[in-house]
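Okay, here's what each chain looks like letter by letter:
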Amino acid sequence: KTTGGSPTGATTWTFSAWLKRSSLDTGSSQKFFSAGSSSSDRTEFYFGTDGSFNIYRDVSSSAVNLASTRLFRDTSAWYHFVIQNNNGTVTVYVNNETVSLSSATLGTNKINNASTAHYIGQQVAGGQFYDGYMSHVAFVDGSVVAPTVFGETDSTSGIWKFKSPSATWGTNGVHLKFENSANLGLDSSGQTNNYTVNGNLKQSIDTPT
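**What to know about the sheet that holds strand β10 (residues 132-141)**
Piece 1. Overall, antiparallel pairing links the 6 strands, which are arranged β8-β7-β6-β1-β10-β13 in an open sheet. Here the strands that pair on one side only, and so sit at the sheet edges, are β8 (97-99) and β13 (174-176). Averaged over all adjacent pairs, the angle separating strand axes in this sheet is 20°, with direction ignored.

Here it is as structure tokens:
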């Protein structure tokens, strides 16, 4: 999806996605969200080959990689990732717990820039595909949104579980439910920011609900 007009908040946004990994050793990093125009002009969220979560940014020959010390190698359960960007300062939550990164400073990046291509499940230049399940991929333009907007703790089991989000999405906001097998890129946020589907994607009933 290529963003249209000026974003509601170019430097303030929240990304949320429920992810369940299928394969850990694909021989390369697995990119699940990225934005940019080339390998030297991009911002990407990905799992490293060691299982760490990373945010990579390369803008105007200024590259930085923020890496987690925590590893995400469980292929039997869903991870709920929430990445908040507040004017270049990043906070990451997984299942409503803060995840420490090597740095919290992302600075200028390509996500939510006007007329910039955004990708789900691959890197900007193609390849390094995410291998696994995704559910309720959401992007809020112009607001830092808490994980509790997208999930909640089950009162009986204590497990973090999905909750249907209600948000002020902003111009480039998107909520992909993946509930229409004939149109998996359909945006349900009301902003009509539909994604173009590529590749051999399959709908599954294995969801965080």
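Structure's up, so let's keep going.
**Let's talk about empty space enclosed by the protein**
Piece 1. Counted under the stated rule, the structure contains 1 cavity of 30 Å³ or more.
Piece 2. The calculated volume of the largest cavity comes to roughly 80 Å³.
Piece 3. Lining the largest cavity are Lys1, Thr3, Phe33, Asn112, His118, Phe139, Asn172, Val174, Asn193 and Tyr195.
Piece 4. A breakdown of the residues in the lining of the largest cavity according to their chemical character gives 4 nonpolar, 5 polar and 1 charged.

**Regarding the pattern of salt bridges**
Piece 1. All chains considered together, the criterion is met by 6 salt bridges.
Piece 2. Its salt-bridge partner being Lys110, residue Asp41 comes within 3.5 Å of it at the nearest N-O pair. Note that Asp41 is positioned in strand β3 (residues 41-47) and Lys110 in the loop between β8 and β9 (118-120), a separation of 69 residues in sequence.
Piece 3. Looking at Asp41, the relative accessible area reads 17%, which means it is buried.
Piece 4. Of the charged contacts, one joins Arg70 and Glu97 as a salt bridge, the two residues approaching to 3.9 Å between their closest N and O atoms. With Arg70 in strand β5 (residues 62-71) and Glu97 in strand β8, the pair connects residues that are 27 residues apart, well separated along the chain.

Rules and cut-offs
- Residues numbered from 1 in each chain as written.
- Predicted model: local features only at pLDDT ≥ 70, side-chain atom pairs only at ≥ 80, totals over all residues.
- Heavy atoms only, no water.
- Pairing = 2+ DSSP bridges.
- Helix = DSSP H or I, 4+ residues; strand = E, 2+ residues; numbered from the N terminus.
- Axes fitted to C-alpha atoms, helices over the stretch in contact; angles between N-to-C directions.
- 1 Å grid on protein atoms, 1.4 Å probe; cavity = no way out; pocket = protein on both sides within 12 Å on 5 of 7 lines; lining within 4 Å.
- Points joined across faces, edges and corners; volume = space filled by probe spheres on them.
- Nonpolar A, V, L, I, M, F, W, Y, C, P; charged D, E, K, R; others polar.
- Salt bridge = Lys/Arg side-chain N within 4 Å of Asp/Glu carboxyl O.
- Buried < 20%, exposed > 50% of the residue type's maximum accessible area, 1.4 Å probe, protein only.

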